[in-house]
Amino acid sequence: MIRTHDAGDLRVGDVGTSVTLAGWVARRRDHGGVTFLDVRDASGSVQVVCRDLPEVHALRSEWCISVGGEVTARTEGNVNPNLATGEIEVVASAVTVLSESEPLPFPIDGSDEIESGVDEMLRWKHRYLDLRRTGPARAVRTRAKAISLMRHVMESRGFVDVETPYLTRSTPEGARDFLVPVRLQPGHWYALPQSPQLFKQLLMVGGLERYYQIARCFRDEDFRADRTAEFTQLDIEMSFLDEEDIFALTEDLLATLWRELLGIELPTPFPRMSYWEAMRRYGSDKPDLRFELELVDLTEHMAGTEFRVFQAEHVGAVVVPGGAAYTRKELDAWQDWAKSRGGKGIAWLLIPTTGEPKGSITRLEPDRLASLPEAAGAQPGDAILFAAGPRRTTLEMLGALRLAVAQQQGLVRTDEWKFLWVVDAPMFEPTGDGAGWTAVHHPFTAPSVDWEKTFQDDPEAALARAYDVVGNGVELGGGSIRIHRGEMQQRVFDVIGLTRAEAESKFGFLLEAFKYGPPPHGGIAFGIDRLVAELLGTDAIRETMAFPKASSGGDPLTGAPTPITAEQRAEAGIDAVPEE
RNA sequence: GGUCCUGUGGAGCAGUUGGAGUGCUCGCCGCCCUGUCAAGGCGGAGGUCGCGGGUUCAAGUCCCGUCAGGACCGCCA
């Protein structure tokens, strides 16, 4: 190394040591006769004092330099208690310019904030500069540490890291595939894996028993703050297990991460909640338990009402503490909010501390209206916001409303960590056209024990041996116990309308494998990007990636994707029609 | 595919009722300065107000379209 010490590690104990540092000019305070340089490297930064070194006047921000000098104690009054290295400084005897820097496109600050005020596009375009900032540097290091801890936990439990192909065929997650043309077979295409799902099940047939992988996954769907085209999973599969093994492993993993990276002891085991309980109480399959504000079910209360708005499969409400103070404008804003989410709107009732309730539902039958606050559990001073309609969509609307109200009213206890398991999810949901059924998780998910023989008779009610682990309202991981018997698998295919020929064509290799003594197995996969985002306290998984993409799928740094030339097009065989 | 928000010197912002490219902080360039740590002082440069069209005597400002980014819905576990 061309340096002898790391700048950020120097302390009082190093006083008197001759050092050579190498790093960047973070700041320069030029007093003419004396110049102070804050020299930053990966370890941090230290103040360098330059006297009788006229060449340092030419230095500018982010020039790369090396400094030879001696560590000295700062005199009293010159100590900076805000810096880790604030008790010492390096008196320079020589400063060498290793490379110069143009003026920067945005400031490189020393703050520990991950996000800065700078336009994200500019940050991604110059990500190599953004990563010199303390916050983003910490983010990528936290990610590395998290992955290291995951590997440690997995290996200590005897799991085997196996790589699976990226150039493969469509996997059964149901998202759009990224496709790759195959030059050697014009007209034929690989799909990039949406997950290693099928391969990890094959590894169980292969007797690995305990598999894990830090796997890149690809899904060609629209982006969100917490979704991007390529993301990373900690993918896990085990044989001869039941749910408890997955729960215990997951709790060990997450508790280790939170303990080692945040110094927080997560209480385990995590509480468990059924999917329908989560929907009923919180209107979400990933409830945020850092605040209460449970949904109120008023369907019974409204049974047989003449009031048309509440003649619906489900009538529910969110009680807003102190909401009686809502202005008409604020209530209209909730209306707009509901409509922007595709809902019909929100009915409301204000319960003032004195006087009669008022709202958009005062034409409700008088007895129903009078008993409504009590039925909803509302106190004087509260507001009740109602939604009515089909059960699941109404609960989801109310769940979103619950989140929005909690945020608006500052009810979220942001210093808490609330983890839970959501279990007993439905096996199937209606297809988009409502004509059939599709697997909620994926078609290899086993039915719960109670439904093993009968799920095909009532697909809507059938429950799956699937589980999601949720932290602070974010789905961090999910998985299931798989089907390992051909007869049961065939019944699932029948329910989702997959013919034998189609199943053979899509998953024939898996079904073939399952003819040879497949073990009972199951697994889970964690969204590493989301996990790291949680650990960092950000919503945007972009901040956890070294080189993230913009929401249009483009890479602002490299300019990918790009058009291809006619030659590339011909060579890749994109337009070739495959022979029969 | 849809809704909403944003786009003004290098960065972050402000810009009123439509009235001169106006302002602020930082950065940049030059000069001065031996204890600063967000150094300071003096001086200076830097603009296709995202782009195109329209309304108007006059557009950063109003209207239409478009591009880019972001949030959300659809989509996606």
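Structure's up top.
Residues numbered from 1 in each chain as written. Chains lettered and ligands numbered in written order. Predicted model: local features only at pLDDT ≥ 70, side-chain atom pairs only at ≥ 80, totals over all residues. Heavy atoms only, no water.

1. Things to note about the overall build of chain A
Rule in force here: We count a stretch as a helix when DSSP gives it H or I for four or more residues in a row; a strand needs E for two or more, and each element gets its number in order from the N terminus. Only protein chains enter the accessibility calculation, which uses a 1.4 Å probe; a residue whose area is less than 20% of its type maximum is buried, one above 50% is exposed, and one in between is partly exposed. Contacts are assigned to residue pairs that have any heavy atoms within 4.5 Å of one another. In this description, accessible areas are obtained by the Shrake-Rupley approach with a 1.4 Å probe, and a residue is regarded as covered only by the protein chains that are shown. Charge convention: Lys and Arg are scored as positive, Asp and Glu as negative, and His as well as the terminal groups of each chain are ignored. To locate a charge, take atom NZ for lysine, CZ for arginine, CG for aspartate or CD for glutamate.
Helix and strand content of chain A: 13 helices and 22 strands. Structurally, chain A occupies a C-alpha span of about 90 × 75 × 50 Å along its principal axes. Scored against the burial criterion, the 580 residues of chain A give a buried share of 48%. For chain A, the proportion of contacts with a sequence separation of at least 24, taken over those separated by at least 6, is 67%. For chain A, the computed accessible surface area is about 28,400 Å², with 50% contributed by carbon and sulfur atoms. Averaged over its 61 positive side-chain charges, chain A has a centre that lies 2 Å from the centre of its 88 negative ones.

2. Quick word on the protein's contact with RNA strand B
Put simply, the rule is: Note on definitions. A residue lies near a molecule or strand when any single heavy atom of the residue is within 4 Å of it. Any N or O atom pair separated by 3.5 Å or less is treated as a polar contact, with the protein-specific requirement of one donor-capable and one acceptor-capable atom, and with residues adjacent in sequence counted only for side-chain atom pairs.
Arg27, Arg51, Glu89, Glu173 and Ser551 are the nearest of the 43 residues found near RNA strand B. In RNA strand B, atoms within 4 Å of the protein come from the sugar-phosphate backbone in 52% of cases. The contact in question runs from a base oxygen of RNA strand B to an N or O atom on the side chain of Gln47, over 2.8 Å. A distance of 2.8 Å is found between a base nitrogen of RNA strand B and a side-chain nitrogen or oxygen belonging to Asp222. Secondary structure elements with two or more residues in the surface near RNA strand B: strand E1 (18-30), strand E2 (34-41), strand E3 (44-51) and helix H1 (120-125). In terms of residues, the surface near RNA strand B owes the most to one element, E1, which gives three residues.

3. Side note on the nonpolar core
The condition that has to hold: To form a nonpolar core, buried Ala, Val, Leu, Ile, Met, Phe, Trp, Tyr and Cys residues must be joined to one another through side-chain atoms within 4.5 Å.
The biggest cluster of nonpolar side chains holds 38 residues, and the ones touching the most others in it are Leu234, Ile236, Leu253, Leu254 and Trp421. Those residues in contact with Trp421 that sit more than four places away from it in its chain are Ile246, Phe247, Thr250, Glu251, Phe270, Pro271, Arg272, Met273, Tyr467, Asp468, Val469 and Ile524.

4. Comments concerning the environment of Trp189
By secondary structure assignment, the location of Trp189 is in strand E8 (residues 189-191). Residues contacting Trp189, with those up to four places away along its chain left out, are Leu179, Val180, Pro181, Val182 and Ile574.

5. Observations concerning the packing of helix H7 (residues 328-340) against helix H9 (residues 391-409)
The test is simple: Each axis is a line fitted through C-alpha atoms, taken for helices only over the stretch in contact, and angles between the N-to-C directions span 0 to 180 degrees. Here is the rule for angles: anything less than 35 degrees is roughly parallel, anything more than 145 is roughly antiparallel, 65 through 115 is roughly perpendicular, and the remaining ranges are oblique. By definition, any crossing whose near helix is turned counterclockwise from its far helix by less than a right angle is left-handed, and any crossing with a clockwise turn is right-handed. The classification used treats Ala, Val, Leu, Ile, Met, Phe, Trp, Tyr, Cys and Pro as nonpolar, Asp, Glu, Lys and Arg as charged, and all other residues, Gly among them, as polar.
In the contact formed by H7 and H9, the axes pass within 11 Å of each other and the chain directions differ by 140 degrees. Looking at the two axes, H7 sits oblique to H9. By crossing handedness, the relation of H7 to H9 is classed as right-handed. Contact residues: H7 offers Trp334, Trp337 and Ala338, while H9 offers Met397, Ala400, Leu401, Ala404, Val405 and Gln408. The residue makeup of the contact of H7 with H9, split by class, is eight nonpolar, one polar and no charged.

6. Quick look at the sheet that holds strand E15 (residues 358-359)
To keep things clear, this is the line we draw: Pairs of strands are assigned from DSSP output, requiring at least two bridges between the strands.
Strand order across the open sheet formed by five strands is E12-E13-E16-E14-E15, with antiparallel pairing between neighbours. A single partner strand is all that each edge strand has here, and the edge strands are strand E12 (296-297) and E15. By the bridge criterion, two bridges tie E12 to strand E13 (residues 314-320) in an arrangement that is antiparallel. The residue bridging Asp297 from the neighbouring strand is Gly316, located in E13. Packed onto the sheet, H7 meets strand E14 (347-350) and strand E16 (383-389) and runs at close to 155 degrees relative to E14. H9 contacts E13 and E16 of the sheet and is inclined by roughly 5 degrees relative to E13.

7. Topic: the packing of aromatic side chains
Any pair of aromatic rings gets described here by the distance separating the centres and the angle formed by the planes. The following threshold applies: Note on aromatic pairs: the rings of Phe, Tyr and Trp (six-membered ring only in Trp) are paired at centre separations within 6.5 Å, and the planes decide the class, stacked below 30 degrees, edge-to-face beyond 60, tilted for the rest.
Counting across every chain of the model gives 15 aromatic pairs. Considering the side-chain rings of Phe247 and Tyr467, the 5.6 Å spacing of their centres and the 85 degrees angle between planes classify their relative orientation as edge-to-face. Of the two residues, Phe247 sits in helix H5 (residues 243-262) while Tyr467 sits in strand E20 (residues 466-471), which places them 220 residues apart along the sequence. Look at Phe247 and you get buried, because its relative accessible area is 3%. The buried category is assigned to Tyr467, whose relative accessible area is 1%.

8. Points about the side chain of Glu251
Test applied: Just to be clear on terms, a salt bridge is a Lys or Arg side-chain nitrogen sitting within 4 Å of an Asp or Glu carboxyl oxygen.
Position of Glu251 relative to the elements: it lies in helix H5. Of the buried charged residues, Glu251 lacks a salt bridge, with Arg272 as the closest side chain of opposite charge at 5.1 Å.

9. Thoughts on helix H12 (residues 528-536)
For the α-helix, the turn length of 3.6 residues means that residues three or four positions removed from each other point alike. Of all nine residues that make up H12, eight are buried, and the element is covered over most of its length. Within H12, the full set of buried residues consists of Ile528, Asp529, Leu531, Val532, Ala533, Glu534, Leu535 and Leu536. After H12 finishes, the residue Gly537 shows a positive phi value of roughly 75 degrees.

10. With respect to the pattern of salt bridges
For the structure on display, the rule yields 38 salt bridges. Asp226 serves as the salt-bridge partner of Arg530, at 3.7 Å between the closest nitrogen and oxygen. Here the residue Arg530 occupies a position in helix H12, and Asp226 occupies one in the loop between strand E9 (210-218) and strand E10 (230-239), the gap between them amounting to 304 residues. Here Asp226 falls in the partly exposed class, since its relative accessible area comes to 31%. With its nearest N and O atoms 2.8 Å apart, the salt bridge here joins Glu265 to Arg259. The exposure class of Arg259 is partly exposed, given its relative accessible area of 34%. Through salt bridges with shared partners, a single ionic network connects Asp109, Arg123, Arg127, Asp130, Arg133 and Glu543.

11. Structural notes on the side chain of Thr35
Here Thr35 is to be found in strand E2. With relative accessibility at 1%, the residue Thr35 sits in the buried group. Here Asp30 takes part through its side chain, which lies 3.0 Å from a polar atom of the side chain of Thr35. Excluding anything up to four places from it in sequence, Thr35 contacts Arg28, Arg29, Asp30, Val48, Val49, Cys50, Val56 and His57.

12. What to know about the sheet that holds strand E4 (residues 64-73)
Within the closed barrel, the five strands sit side by side as E1-E2-E3-E5-E4. Their pairing is mixed. On average, each strand axis in the sheet is tilted by 55 degrees relative to the strand beside it, whichever way the strands run.

13. Points about a negative patch on the surface
Our working definition: Put simply, a patch holds well-exposed residues, over 30% relative accessible area, that have no salt bridge, with like charges counted together within 9 Å and Val, Leu, Ile, Met, Phe, Trp or Tyr side chains within 5 Å.
Taken together, the side chains of Glu313, Asp457, Asp458 and Glu460 present a region of like negative charge at the surface. Within the element layout of this structure, Asp457 appears in the loop between strand E19 (437-439) and E20.

14. Structural notes on the pairing of E9
Along any regular strand the residues' side chains alternate between the sheet's two faces. Among the nine residues of E9, seven are classified as buried, and the element is accordingly described as predominantly covered. Where strand E6 (residues 160-161) and E9 come together, two bridges link them in parallel fashion. Looking across to E9, one finds that Val160 is bridged to Tyr211.

15. Description of the pairing of E13
Summarising burial for E13: seven of the seven residues are buried, a large majority. Burial along E13 is two-sided: His314, Gly316, Val318 and Val320 facing one way and Val315, Ala317 and Val319 facing the other are all buried. Taken together, the seven bridges between E13 and E16 define a ladder with antiparallel strand orientation. Directly across from His314, in E16, lies its bridge partner Gly389.

Any functional reading would require information beyond the geometric quantities listed.
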